[in-house]
Every structure is written in structure tokens, then in C-alpha cells.
Amino acid sequence: QVQLVESGGGLVQAGGSLRLSCAASGRTFSSYTMAWFRQAPGKEREFVAAISWAGGIPYYADSVKGRFTIARDNAKNTVYLQMNSLKPEDTAVYYCAAQLRGSLSARGTQYYTWGQGTQVTVSS
């Protein structure tokens, strides 16, 4: 089972960009479907993006489509989330999640390994 550590969060002005990274331990990273979720204060956890273990197929929430890009580097055991044109409503703690040989899914219950999260704050 992999362990996940997120990094790259911070404070940015609206319209700016950030790149989040999620580093995974273990030698089977390439067999995991990876995803990003986020949770804002007082709100439920929300799906952001996922990328399949086979073929690296991306899948996005409508709220981030065209602004965010998910990518993976299996040689580095890392998944990235490039966030452009950030809005104040993107402010949240962003979590990386993994499921072994899983299908692309926006359901958090499908992922059984989670990171600790990284804070993203977008000021207006």
C-alpha cells in the first residue's frame, strides 16, 4: 500500500497559478489510479480530478475543467495538479488519494489511501 505526501500549496492571488505535487512511496505507483479532492471550511469534500493507472487518462470536475491539469510521472512516483486561473472559491485543503487498479471515479469512497492535505488559499 502506498503512502502519500502532498506539497505545493500556498497563498496566491486570484488569476494566479499553483502546482501541487503528491509523492507516493512504494514500487507499484504505476498501478494506482490517483485523484485530487478538496475540502473548504464548512463544506463537504469535493472531487477535483483523477488520472487512471492504465493510459494516464484524466477526468475532471466541471468546476475545474479547462483550468486545472492532472498529470503523473511514474518514474518519480508523483502525481501533479497544475492549477491556473485560480479563483477564491478554489480555496480549500487539497488531498491526494489512491486506489489500486481502480476505475476513474469521483467518489471518495472508492479511494482507500489518502494524504494529509495541503492548504491552498486564493485571495481576491
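Not measured: the values here are computed from a predicted model.

Definitions and cut-offs
In every chain, residue numbers begin from 1 and rise along the written sequence. Local features in this predicted model are restricted to residues of pLDDT 70 or higher, and side-chain atom pairs are both shown and tallied only at a pLDDT of 80 or more, whereas totals for entire chains, interfaces and linings draw on every residue. With hydrogens and water set aside, each side-chain value is computed from the structure's full complement of heavy atoms. Any two cysteine sulfur atoms lying within 2.5 Å of each other are counted as a disulfide. Per the convention used, a helix needs a DSSP run of H or I reaching at least four residues, while a strand needs a run of E reaching at least two, with both numbered from the N terminus. Burial status follows relative accessibility: with a 1.4 Å probe on protein chains alone, a residue under 20% of its type maximum counts as buried, one over 50% as exposed, and anything between as partly exposed. By convention a nonpolar core is built from buried Ala, Val, Leu, Ile, Met, Phe, Trp, Tyr and Cys residues, the set being connected through side-chain atoms within 4.5 Å. Should any heavy atoms of two residues lie within 4.5 Å, those residues are counted as being in contact. Two strands are counted as paired when DSSP detects at least two bridges linking them. For Phe, Tyr and Trp, rings pair up if their centres lie within 6.5 Å, where Trp contributes its six-membered ring, and each pair is then called stacked (planes under 30 degrees apart), edge-to-face (over 60) or tilted (otherwise). Whether a charge sits over a ring depends on NZ of Lys or CZ of Arg being within 6 Å of the ring centre and within 35 degrees of the ring normal.

Description of the state of the cysteines
Taken as a whole and judged by the stated rule, the model has one disulfide. Note on cysteine connectivity: Cys-22 is disulfide-linked to Cys-96, with sulfurs 2.1 Å apart. As the torsion about the S-S bond is roughly -85 degrees, the Cys-22-Cys-96 disulfide counts as left-handed. Residue Cys-22 is located in strand E3 (residues 18-24), and its partner Cys-96 is located in strand E9 (residues 92-100); the two are separated by 74 residues in the primary sequence. Exposure class is identical for Cys-22 and Cys-96. Each is buried.

Here's the deal with the nonpolar core
If you look at the biggest cluster of nonpolar residues, it comprises 36 residues, and the most contacted ones within it are Met-34, Trp-36, Val-79, Leu-81, Met-83 and Tyr-94. Sorting the residues of this core by element identifies E3, strand E4 (32-39), strand E5 (46-51), strand E7 (68-73), strand E8 (78-83), E9 and strand E11 (118-123) as the ones contributing at least two each. For Leu-81, the contacting residues outside a window of four places in its chain are Leu-18, Arg-19, Leu-20, Trp-36, Val-48, Ala-49, Phe-68, Thr-69, Ile-70 and Tyr-94.

Side note on the side chain of Asn-77
As for its placement among the helices and strands, Asn-77 is situated in the loop between E7 and E8. A relative accessible area of 17% places Asn-77 in the buried class. Discounting chain neighbours no more than four positions away, the residues touching Asn-77 are Cys-22, Ala-23, Ala-24, Ser-25, Gly-26 and Phe-29.

A short note on the environment of Arg-101
Relative to the helices and strands, Arg-101 resides in the loop between E9 and strand E10 (113-114). Each C-alpha atom of the pair Arg-101 and Ser-63 lies 26 Å from the other, and the pair is 38 residues apart in sequence.

Some words on unusual backbone geometry
Phi is positive for Ser-85, which is not a glycine, with a value near 50 degrees. Looking at the element boundaries, Ser-85 is found in the loop between E8 and E9. Of note, the phi angle at Arg-101 is positive, near 50 degrees, even though the residue is not glycine.

Comments concerning the pairing of E9
Pairing of E4 with E9, which is carried by eight bridges, proceeds in the antiparallel orientation. In the sheet register, Phe-37 faces E9, and the bridge partner there is Tyr-95. Pairing of E9 with E11, which is carried by three bridges, proceeds in the antiparallel orientation. By the bridge assignment, Ala-92 is partnered in E11 with Val-120. Summarising the sheet, E9 and E10 pair through two bridges and their orientation is antiparallel. By the bridge assignment for E10, Ala-98 is matched with Thr-113.

Quick look at the packing of aromatic side chains
For the structure on display, the rule yields four aromatic pairs. Aromatic pair Phe-37 and Phe-47: ring centres 5.5 Å apart, planes at 70 degrees, arrangement edge-to-face. Of the two residues, Phe-37 sits in strand E4 while Phe-47 sits in strand E5, which places them 10 residues apart along the sequence. Overall, the relative accessible area of 2% leaves Phe-37 in the buried class. The buried category is assigned to Phe-47, whose relative accessible area is 10%. Ring centres 5.5 Å apart and planes at 70 degrees place the aromatic pair Phe-37 and Tyr-111 in the edge-to-face group. A residue pair is termed long-range when its members are at least 10 positions apart, and Phe-37 in strand E4 and Tyr-111 in the loop between E9 and E10 qualify at 74 residues. The rings of Phe-37, Phe-47, Tyr-59, Tyr-111 and Trp-114 are connected pair by pair, giving a single aromatic cluster. We note Arg-45 situated over the ring of Phe-37; from NZ or CZ to the ring centre the distance is 5.7 Å. Across the ring face of Phe-29, the terminal group of Arg-72 is positioned such that the distance to the ring centre comes to 4.7 Å.

Purely geometric numbers; function is a separate question.
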